Amino acid sequence: DESYLDDTDKISIIYSSEKTVVKLADFTEEQKEEGVSNFGAIDGMRVRVLPVLGTMPAIMGQSLAALALCELGKKQFSPVAGE
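Here the residue numbers are simple positions, counted from 1 along each chain's written sequence. Owing to the predicted nature of the model, reporting of local features is limited to residues with pLDDT of at least 70; listing and counting of side-chain atom pairs is limited to 80 or more, with chain, interface and lining totals taken over all residues. Side-chain measures were taken over the full set of non-hydrogen atoms in the model, leaving aside hydrogen atoms and water.

**Details of helix α2 (residues 56-72)**
Here α2 spans 24 Å end to end across 17 residues, near enough to the 24 Å set by a 1.5 Å rise per residue. Counting from the N terminus, the helices are the DSSP runs of H or I reaching at least four residues and the strands are the DSSP runs of E reaching at least two. Just downstream of α2 lies K74, where phi reads positive at about 55°. Expected helix span is taken as 1.5 Å per residue step, with the number of steps being one fewer than the number of residues.

**Things to note about unusual backbone geometry**
If you check the backbone angles, K74 has positive phi at about 55° while not being a glycine. Structurally, K74 is set in the segment after α2.

**Side note on the pattern of salt bridges**
Should their charged atoms come close, side chains of opposite charge can pair. Salt bridges are identified by distance alone: a Lys or Arg side-chain nitrogen within 4 Å of an Asp or Glu carboxyl oxygen. One pass over the full model with this rule turns up one salt bridge. The salt bridge partner of E29 is K32, with a shortest N-O separation of 3.8 Å. With E29 and K32 both in helix α1 (residues 29-34), this residue pair falls three residues apart, about one helical turn. Exposure categories follow from relative accessible area, calculated using a 1.4 Å probe and restricted to protein chains: below 20% of the type maximum is buried, above 50% is exposed, and the middle band is partly exposed. We classify E29 as exposed; its relative accessible area is 54%.

**Some words on the confidence of the model for the protein**
Residues with a pLDDT of 70 or more make up 76% of the protein, whose mean pLDDT is 76. Across the protein, element-level confidence peaks in α2 with a mean pLDDT of 87 and bottoms out in strand β2 (residues 45-46) with 64. What pLDDT conveys is the predictor's confidence in a given residue, as a value from 0 to 100.

**A short note on a nonpolar patch on the surface**
Like-charged residues within 9 Å of one another, or nonpolar side chains (Val, Leu, Ile, Met, Phe, Trp, Tyr) within 5 Å, are grouped into patches, provided each residue has over 30% relative accessible area and no salt bridge. Note on areas: these come from Shrake-Rupley sampling with a 1.4 Å probe, and a residue is covered only by the protein chains present in the view. Residues L5, I11, I13 and Y15 make up a contiguous nonpolar surface patch of about 510 Å² in total accessible area. Along the chain, the position of I11 falls in the segment before α1. Here I11 falls in the partly exposed class, since its relative accessible area comes to 39%.

Right, here's the structure in full:
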């Protein structure tokens, strides 16, 4: 039984190339006193910005669905980068 790891050409990847247009909001004085490390799980991703993701999960899901349908229909998947 062949694994996908044996042939990496079989692995498809969807990623967002969207560029950040705004920086993270500054911490309030109260948040700085409490400790900025309490407001995020990883560097550059704060708890208070998570709701801003908005429609991104849905768009990624639609991209994966389009890829799957093209694979099933044996059609070329040709995504186009947007602005």
